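For reference, the chains in residue letters:
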Amino acid sequence: MLISSNHISSHNDELLKKHQNKLVYTASEINDTEVIIKKLIDFQIAIPSWALGTGGTRFGRFPGGGEPRSLEEKIEDVGLLHALNNASGAISLHIPWDIPTDYNAIKTLAGQHGLKFDAMNSNTFQDQADAANTYKFGSLQNVNKAVRKQAIAHNIEVIKHGIELGSESLTIWLADGSNFPGQLNFRKAYQNTLESLEEIYDALPSNWKLFLEYKCAEPNFYSTTVADWGQSYSYVKKLGDKAQTLVDLGHHLPNANIEQIVSLLLMENKLGGFHFNDSKYGDDDLTAGALKPYQLFLIFNELVDGMDARGMNHAKDLGWMIDASHNVKDPLEDLLQSVEAIMIAYAQALSVDRKALEKAQEENDVVRAQEILQNAFRTDVRALVAEARLRSGAALNPVELYRAASVRKNLISERGLKTIATGL
C-alpha cells in the first residue's frame, strides 16, 4: 500500500496552524533550533525486516493480519513507514529469511521507496532445514569443528548477499553458551569463537564493518559466550579496525549503566551501532522509549557528546537500528512510535547546553549538572521532530495518518488475514 504525497499534504494542512504555534513556543525555549532540525532531517533509523510482523512468545503468537509474505512486501512496508516519517530510510535483512531471488529487482524496488540496505544479519541460533549439522550446542564456539565451519560459511554467505545489495556491514549475534556448570570449557569456547570470527573477518570487503552483538542471557542460562560489552570488546579489539561492538538496549543485566558503556566504547572507537528497544524485565523488545525515556535521553546525551568530541557525522558514522517485536500492537504503529521516541531523545540531547554542563562538571556542581540535563529532558521537543518531518515531505503525525488511511485494513484486504511474516 502507498500513501500519496497529496494525502500527506492534506493531513499536514489540517494540523499546520496548531503545529506552527507549538514550534514558535519551542523555539523560544531552545537555542539553535534550526541546527537541531537539520540534524533531525539527516538522521535515519533502519527498520529490521523481522519487526514487520507481530511478535510472539513461547506461549503463543497472535498475528494481526496483513503481514508481509515476502521480501518485496517487507520492503513495501518499510517504504510506507519512510513515507510517513522520512526517518526510516533503510532496511536491515536477516538471512536466510530474506534471501533475494533477484538482486537487481530488489534493489530497484528499494530505490523506488527511497531505501538503502543496512546491516546484514546472520542466523546461527536456529537449525536450517538443509543444514548438515546442528547448533544445539553452539555455533562459532562449538567443540565440533564441522559445526564451526558451517557457521563460518553461513556468515560469509550473508556477506556475499550484502555485497550484491549494497550493504556495508554484518551483524553477528550468537546464542552460544551453556546451561549447566561443567558443560563448557570457557577458555576453549572463547578461543573457538575468536578463531571463527577471524575467518569471517578476513572475508569482509575493505569498506565493510563487523558488528558483534552481546547478550547477558538467553537462550543459555548459565553462561553466554559473548555476554557483555567487555567480552564483545575483547573480541573486536583482537579482530581489527573493521570490527566493532553493537549495543542492544535490552541485552543487559538489570540497572546496567548503558550510557556509561556507550561512552567508553565510543571513546575507544569500538562502538559500531545500536539496536533500539525498551524493556522492563529482560530482553523484552518493547517500543523504544515506552518504559525508560530518561535512560534513552541519557544514552543520546553521551552519544552526542562523544561523537562531537571525535568529529563524527551523527547520521552516518554509527549504525542506528530498531530491534523490536511486539506481541499485541500493530507492528507498523509500534515502529512509528519507536522512531518518534528515538528522534525525541536525539533532539533533547542536541538541545543540552554543553558549555554550561562542562562548566558544572569542572566545578563539581552536581545540582547544576543535574538541572541542565533534566531541563533538557523535560522540554517538549516534539514540534522540532514534527518540523523535520514537515520539511521532508512527511506527515506531521504519522500514527494519526496511518490510522486515518486505514493502512492495516487495506493490508489485510491485499494480503489476507492469516498471513504470517517470516523471521518470527
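Just so you know, these numbers come straight off a predicted model, no measurement behind them.

J.: How should I be thinking about the packing of aromatic side chains in this particular structure?
T.: In this structure the tally under the stated criterion is 16 aromatic pairs. Between the aromatic rings of F43 and Y346, the centroid separation amounts to 4.3 Å while the plane-to-plane angle is 25 degrees, which identifies the pairing as stacked. Of this pair, F43 sits in the loop between α2 (33–42) and β1 (47–48) while Y346 is found in helix α10 (residues 331–350), placing the two residues 303 residues apart along the sequence. Neither F43 nor Y346 differs from the other in exposure class; each is buried. Plain terms: the ring middles of W97 and F125 are 6.3 Å apart, the flat faces sit at 70 degrees to each other, and that makes the pair edge-to-face. Here W97, found in the loop between β4 (90–92) and α4 (103–112), pairs with F125, found in the loop between β6 (120–121) and α5 (145–165); they are 28 residues apart in sequence, far enough to count as distant. Overall, W97 belongs to the partly exposed group, its relative accessible area being 22%. Ring pairs connect the aromatic residues F43, F274, F276, F300, W320 and Y346, which therefore count as one cluster. Positioned above the aromatic ring of Y201 is the side chain of K242, whose terminal nitrogen or guanidinium carbon lies 5.2 Å from the ring centre.

J.: Mind showing me how you'd approach the nonpolar core here?
T.: A general tendency of soluble globular proteins is for nonpolar side chains to be buried together. If you look at the biggest cluster of nonpolar residues, it comprises 109 residues, and the most contacted ones within it are F274, F300 and L303. At 12 residues, the largest contribution of residues to this core is made by α10. If sequence neighbours within four positions are ignored, F274 has contacts with L246, V247, L249, V262, I299, L303, G319, W320 and M321.

J.: Would you mind showing me how to read the UniProt feature "domain: Xylose isomerase-like TIM barrel" (unreviewed entry) in the chain here?
T.: The feature "domain: Xylose isomerase-like TIM barrel" (unreviewed entry), as given by UniProt, occupies residues 101–285 in the numbering adopted here. The distance from the first to the last C-alpha atom of residues 101–285 is 30 Å, and the span holds 37% helix and 16% strand.

J.: Even after reading the chapter, I still don't get the sheet that holds β1, so can you show me in this structure?
T.: Adjacent strands of a sheet form backbone hydrogen bonds with each other and so pair up, either parallel or antiparallel. One open sheet holds the 3 strands; their spatial order is β1-β4-β5, and the pairing between them is parallel. Each having just a single partner strand, β1 and β5 (116–117) make up the two edges of the open sheet. In the sheet, β1 pairs with β4 via 2 bridges, with the strands oriented parallel. When the bridges of β4 are listed, P48 appears paired with S92.

J.: Sorry if this is basic, but what is going on with the side chain of S279 here?
T.: Tracing the chain through its elements places S279 in the loop between β12 (271–276) and α9 (293–310). On the basis of relative accessible area, S279 is assigned to the buried category, the value being 8%. Ignoring sequence-local partners within four residues, the contact set of S279 consists of G250, D284, L286, L291 and K292.

J.: Can you help me understand α4 in this one?
T.: Each α-helix winds once per 3.6 residues, and so residues spaced three or four apart point in a common direction. All buried positions along α4 are accounted for by I106, L109 and A110. An end-on view of α4 places all buried positions within 100 degrees of arc, on one side of the element. Those residues of α4 that are exposed and aimed more than 90 degrees away from the buried face are N104 and Q112. At the N-terminal boundary of α4, the capping side chain belongs to D102, with an oxygen 3.2 Å from the backbone nitrogen of N104. In the segment just after α4, G114 is the residue with positive phi, at about 75 degrees.

J.: Looking at this structure, how should I read the pattern of salt bridges?
T.: A side chain of one charge can pair with a side chain of the opposite charge if their charged atoms are brought near each other. Counted by the stated rule, this structure contains 17 salt bridges. Across the pair R415 and E73 runs a salt bridge whose closest N-O atoms are separated by 3.5 Å. Residue R415 is found in helix α15 (residues 407–415), and its partner E73 is found in helix α3 (residues 71–85); the two are separated by 342 residues along the sequence. A salt bridge links R415 to D77, with the shortest nitrogen-to-oxygen separation between them at 2.8 Å. Taken as a pair, R415 in helix α15 and D77 in helix α3 lie far apart in primary sequence, 338 residues in all.

J.: Any chance you could explain α10 here in plain terms?
T.: Given a rise of 1.5 Å per residue, 20 residues ought to cover 28 Å, and the 29 Å separating the end C-alpha atoms of α10 matches this to within 8%. Counting buried positions along α10 gives 18 out of 20 residues, so the element sits mostly inside the fold. The backbone nitrogen of L332 lies 2.9 Å from a side-chain oxygen of the residue at the head of α10, namely D330.

J.: I tried to follow the sheet that holds β12 on my own but got confused; where do I start?
T.: What the 6 strands build is an open sheet, ordered β6-β7-β9-β11-β12-β13; its pairing is parallel. The sheet terminates laterally at β6 and β13 (319–322), the two strands that pair on one side only. One ladder, built from 4 bridges, connects strand β9 (residues 209–213) with strand β11 (residues 243–248); its direction is parallel. Of the residues in β11, the one forming a bridge with F211 is Q244.

J.: What am I meant to see in the pairing of β12 here?
T.: A regular strand places its side chains on the two faces of the sheet in alternate fashion. Among the 6 residues of β12, 6 are classified as buried, and the element is accordingly described as predominantly covered. Here 4 bridges tie β11 to β12, and the two strands are oriented parallel to one another. What sits directly across from L246, in β12, is G273. As a crossover connection, the stretch from β11 through helix α8 (residues 258–267) into β12 is right-handed. Where β12 and β13 come together, 4 bridges link them in parallel fashion. Paired with F276 across the two strands is I322, which belongs to β13.

J.: When you look at the packing of α9 against α10 in this model, what are you seeing that I'm missing?
T.: The packing of two helices is summarised by the inter-axis angle and the distance between the axes. Interaxial distance between α9 and α10 falls to 8 Å at its minimum, and their mutual angle equals 50 degrees. Comparing the axis directions of α9 and α10 gives the class oblique. For the crossing formed where α9 meets α10, the hand is right-handed. Contacts from L296, F297, F300, N301 and V304 in α9 reach A341, I342, A345, Y346, Q348, A349 and L350 in α10.

About the thresholds
Residues numbered from 1 in each chain as written. Predicted model: local features only at pLDDT ≥ 70, side-chain atom pairs only at ≥ 80, totals over all residues. Heavy atoms only, no water. Phe/Tyr/Trp six-rings, centres within 6.5 Å; stacked < 30°, edge-to-face > 60°. Helix = DSSP H or I, 4+ residues; strand = E, 2+ residues; numbered from the N terminus. Buried < 20%, exposed > 50% of the residue type's maximum accessible area, 1.4 Å probe, protein only. Lys NZ or Arg CZ within 6 Å of the ring centre and 35° of its normal. Core = buried A, V, L, I, M, F, W, Y, C linked by side-chain atoms within 4.5 Å. Contact = heavy atoms within 4.5 Å. UniProt positions renumbered as here; feature names shortened; annotations may be inferred. Pairing = 2+ DSSP bridges. Arc of directions from axis to C-beta. Polar contact = N/O pair within 3.5 Å; in protein donor to acceptor, adjacent residues only side chain to side chain. Salt bridge = Lys/Arg side-chain N within 4 Å of Asp/Glu carboxyl O. Expected span 1.5 Å × (residues − 1). Right-handed = clockwise from strand over helix to strand, strands pointing away. Axes fitted to C-alpha atoms, helices over the stretch in contact; angles between N-to-C directions. Parallel < 35°, antiparallel > 145°, perpendicular 65-115°, else oblique. Left-handed = near helix turned anticlockwise from the far one by under 90°.

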